[in-house]
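Single-letter residue listing:
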Amino acid sequence: MIGKIHSFFAGGTVDGPGIRFVIFMKGCPLRCLYCHNPDTWNQDGAECYEVDDVVSQALRYKGYFNNGGGVTVSGGEPLIQIDFVIELFKKLKKYNVHTALDTSGIIFDKDNLELKAKFDELIKYTDLVLLDIKHIDNDEHIKLTGKSNKNVLEFAKYLSNNKINVWIRHVLVPDITLNDNYLTKLKEFIDTLSNVSKIEVLPYHTMGIVKYKNLGIPYRLEGVRTPTKEEVKHAKYLLGVIKDVA
Ligand code: SF4
């Protein structure tokens, strides 16, 4: 089983609990306006690795996985290579390694029975899903990413029904997601789920712009500012992450 991989990062501390070995997979069906990894969008130039090679690399860092650390698969969108991720997680669990999946959930399709069976298999070996809900409003989700949020929200419900631990991630972008109405609706949706142990508000940043320049891709959020500390606090308050904004 071969995986098409962009890169590895040993020592990650932001993609799940503890210290993590992070695997960035190549390929993504979304085109988020704020994406800071446009170099993962297509699979050109991917490095190809066998599952066993990746497991061996990850296990070199097992000594650092105390305090809840482990392996995170990110991207791009890792689930366009779901067969690889299933095999990888299955093997990592044999070594008792904590597994986290950083995904937009976009490829979930509850009506596709063949794919659904793969998700049923995947979650047997997945300890945590970092689910990136890009926008709670469907029209705005389409404008922001190019696709509907229907599968994303269905995936969130599926994870809840199956009691898989989830952290919700939400990027805060002025004029796009930084909006009381949308944040309140997102909180209402999250409150319908039974499995969310953390909500992460990620302030929009412009660190990826240089990659667009290097790739010759127009950056469509040119001129959009980063949110202020007060706006981030306010969003965290609306999402129930903090109890007051003082
Ligand atoms: S899902 Fe992630 S990798 Fe894909 S376009 Fe959006 S931010 Fe970029």
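Cut-offs used in this document
- Residues numbered from 1 in each chain as written.
- Predicted model: local features only at pLDDT ≥ 70, side-chain atom pairs only at ≥ 80, totals over all residues.
- Heavy atoms only, no water.
- Near = heavy atom within 4 Å.
- Nonpolar A, V, L, I, M, F, W, Y, C, P; charged D, E, K, R; others polar.
- Helix = DSSP H or I, 4+ residues; strand = E, 2+ residues; numbered from the N terminus.
- Buried < 20%, exposed > 50% of the residue type's maximum accessible area, 1.4 Å probe, protein only.
- Salt bridge = Lys/Arg side-chain N within 4 Å of Asp/Glu carboxyl O.
- Axes fitted to C-alpha atoms, helices over the stretch in contact; angles between N-to-C directions.
- Parallel < 35°, antiparallel > 145°, perpendicular 65-115°, else oblique.
- Left-handed = near helix turned anticlockwise from the far one by under 90°.
- Contact = heavy atoms within 4.5 Å.
- Pairing = 2+ DSSP bridges.

Q: Explain the site of the ligand to me, using residue names and the numbers behind them.
A: Lining the immediate surroundings of the ligand are Cys28, Leu30, Arg31, Cys32, Cys35, Thr40, Trp41, Gly76 and Lys134. Looking at the shell around the ligand residue by residue, the class counts come to five nonpolar, two polar and two charged.

Q: Can you explain unusual backbone geometry? Please cite residues and give values.
A: The residue after Gly75, namely Gly76, is reached through a cis peptide bond having omega 10°. Locating Gly76 in the fold gives a position in the loop between strand S4 (70-74) and helix H2 (82-94). A positive phi angle is found at Asn67, which is not glycine, with a value near 55°. In this structure, Asn67 sits in the loop between helix H1 (51-59) and S4. Notably, Asn96 is not glycine yet its phi reads approximately 60°, a positive angle. With respect to the helices and strands, Asn96 occurs in the loop between H2 and strand S5 (98-103). Judged by relative accessible area, which is 64%, Asn96 ranks as exposed.

Q: For the pattern of salt bridges, give the residues involved together with the corresponding values.
A: A complete count under the given rule lists 17 salt bridges for this structure. Salt-bridge contacts for Arg169 lead to Asp102; the nearest nitrogen and oxygen are separated by 3.4 Å. With Arg169 in strand S7 (residues 166-172) and Asp102 in strand S5, this pair connects stretches of sequence that are 67 residues apart. For Asp102, a relative accessible area of 11% puts it in the buried group.

Q: Run through the packing of H2 against helix H3 (residues 113-122), naming residues and quoting values.
A: Where H2 meets H3, the closest approach of the two axes is 9 Å, and the angle between their N-to-C directions is 20°. Classified by the angle their axes make, H2 and H3 are roughly parallel. Judged by the sense of rotation from one axis to the other, the crossing of H2 with H3 is left-handed. Contact residues: H2 offers Ile82, Asp83, Val85, Ile86, Phe89 and Lys90, while H3 offers Lys118, Phe119, Glu121 and Leu122. Tallied by class, the residues present in the contact of H2 with H3 amount to six nonpolar, no polar and four charged.

Q: Residues and numbers for the pairing of strand S1 (residues 2-12), please.
A: Moving residue by residue along a regular strand, the side chains alternate between the two faces of the sheet. One ladder, built from four bridges, connects S1 with strand S3 (residues 47-50); its direction is antiparallel. Bridge pairing links Lys4 to Cys48 in S3. Two elements, S1 and strand S2 (residues 20-25), share six bridges in a ladder whose sense is antiparallel. Looking across to S2, one finds that Gly12 is bridged to Arg20.

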